[in-house]
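Okay, here's what each chain looks like letter by letter:
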Amino acid sequence: MISEAELGHLRRCVDLAAEALADGDEPFGSVLVSASGERLAEDRNRVAGGDRTRHPEFELARWAAANLTPEERAAATVFTSGEHCPMCAAAHAWVGLGRIVYAASSAQLVAWLTEIGAGAPPVNPLPVQEIAPHVTVEGPVERFADELRALHHECHKR
Ligand code: ZN
């Protein structure tokens, strides 16, 4: 179901997550890909400045609303290192974006944060489909799990 090209997009998301961590942010990265497979936009977490809504999926949803037609948005895919949180899942659905492919699920992230001893997030980590029932969602992709788990461990050691 997930092609080699799509694994390449997920690889880029994980690299962006590592880049975010290296820059003092939380390790999350996302890319927006058109129906023809072109990477249109990418971003990574930018919450370190104090605005905790600066998630990459939220930024990509707003970028898509500003730059793509409704048809282009519906045909686009958002690849992301970690499953959308409820805020980002809602933004994704409100702007009418298409499929989501994530490397690690929110359930995996919760398990990792629990083993790290991190506190519970202020927003419930619900699966995307509980927020956006009409969005096609694929993941997790296990080959990235160890690497992402290590990034989150590294993040919470600081
Ligand atoms: Zn989010």
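Structure: see above.
An account of the accompanying structure is given in this report. (Residues numbered from 1 in each chain as written. Predicted model: local features only at pLDDT ≥ 70, side-chain atom pairs only at ≥ 80, totals over all residues. Heavy atoms only, no water.)

1. Side note on the nonpolar core
One broad trend across soluble globular proteins is that nonpolar side chains are buried collectively. Formed by 23 residues in total, the largest nonpolar core has its most connected members in Leu10, Val31, Phe79, Trp112, Phe144 and Leu148. The set of elements that each furnish at least two residues to this core consists of α1 (4–22), β1 (29–33), β4 (100–104), α5 (106–116) and α7 (145–157). Per-element tally for this core: the top contributor is α1, with seven residues. Residue contacts for Trp112: discarding those within four places in its chain leaves Ala104, Ala145, Leu148, Arg149, His152 and His153. Ranked by size, the runner-up nonpolar core spans eleven residues in total, among them Ala41, Leu60, Ala64 and Val78. (Core = buried A, V, L, I, M, F, W, Y, C linked by side-chain atoms within 4.5 Å. Buried < 20%, exposed > 50% of the residue type's maximum accessible area, 1.4 Å probe, protein only. Helix = DSSP H or I, 4+ residues; strand = E, 2+ residues; numbered from the N terminus. Contact = heavy atoms within 4.5 Å.)

2. So, the environment of His152
Following the sequence through the fold, His152 ends up in helix α7. As for His152 and Phe28, which are separated by 124 residues in sequence, their C-alpha atoms are 9.3 Å apart. Discounting residues that sit within four places of it in the chain, His152 has contacts with Pro27, Phe28, Leu109, Trp112 and Ile116.

3. Concerning the sheet that holds strand β5 (residues 137–138)
Spatial strand order, β2-β1-β3-β4-β5: five strands in an open sheet with mixed pairing. On the outer flanks of this sheet lie β2 (39–44) and β5, each paired with one strand and no other. Where strand β3 (residues 77–82) lies against β4, four bridges are found, and the strand directions are parallel. When the bridges of β4 are listed, Thr80 appears paired with Tyr102. The strands touched by α1 are β1, β2, β3 and β4; relative to β1, the strand with the most contacts, the crossing angle is about 145°. (Pairing = 2+ DSSP bridges. Axes fitted to C-alpha atoms, helices over the stretch in contact; angles between N-to-C directions.)

4. Points about the coordination of the zinc ion
Taken together, His55 (ND1), Cys85 (SG) and Cys88 (SG) make up the full set of protein donors to the zinc ion, lying 2.0 to 2.3 Å away. Of note, the zinc ion draws all its donor residues from one chain, in the sequence arrangement H-x29-C-x2-C. (Donors = N, O, S within 2.8 Å, 3.2 Å for Na, K, Ca; no water.)

5. Things to note about the pairing of β4
Sheet faces and side chains relate simply in a regular strand, where the side chains alternate between the two faces. For β4, the buried fraction is high: five of the five residues fall into the buried class. Here two bridges tie β4 to β5, and the two strands are oriented parallel to one another. Each bridged residue has a counterpart across the sheet, and for Val101 the counterpart in β5 is Glu138.

6. Topic: the pattern of salt bridges
By the definition in use, this model includes twelve salt bridges. With its nearest N and O atoms 2.4 Å apart, the salt bridge here joins Arg149 to Glu115. You can see Arg149 sitting in helix α7 and its partner Glu115 sitting in helix α5, a full 34 residues away along the chain. We classify Arg149 as partly exposed; its relative accessible area is 35%. One network of salt bridges, with partners in common, ties together Glu6, Arg99 and Glu138. (Salt bridge = Lys/Arg side-chain N within 4 Å of Asp/Glu carboxyl O.)

7. Describing unusual backbone geometry
Each neighbour pair has its own omega, and for Gly139 with Pro140 the value is -5°, a cis peptide bond. Position of Pro140 among the secondary structure elements: in the loop between β5 and α7.

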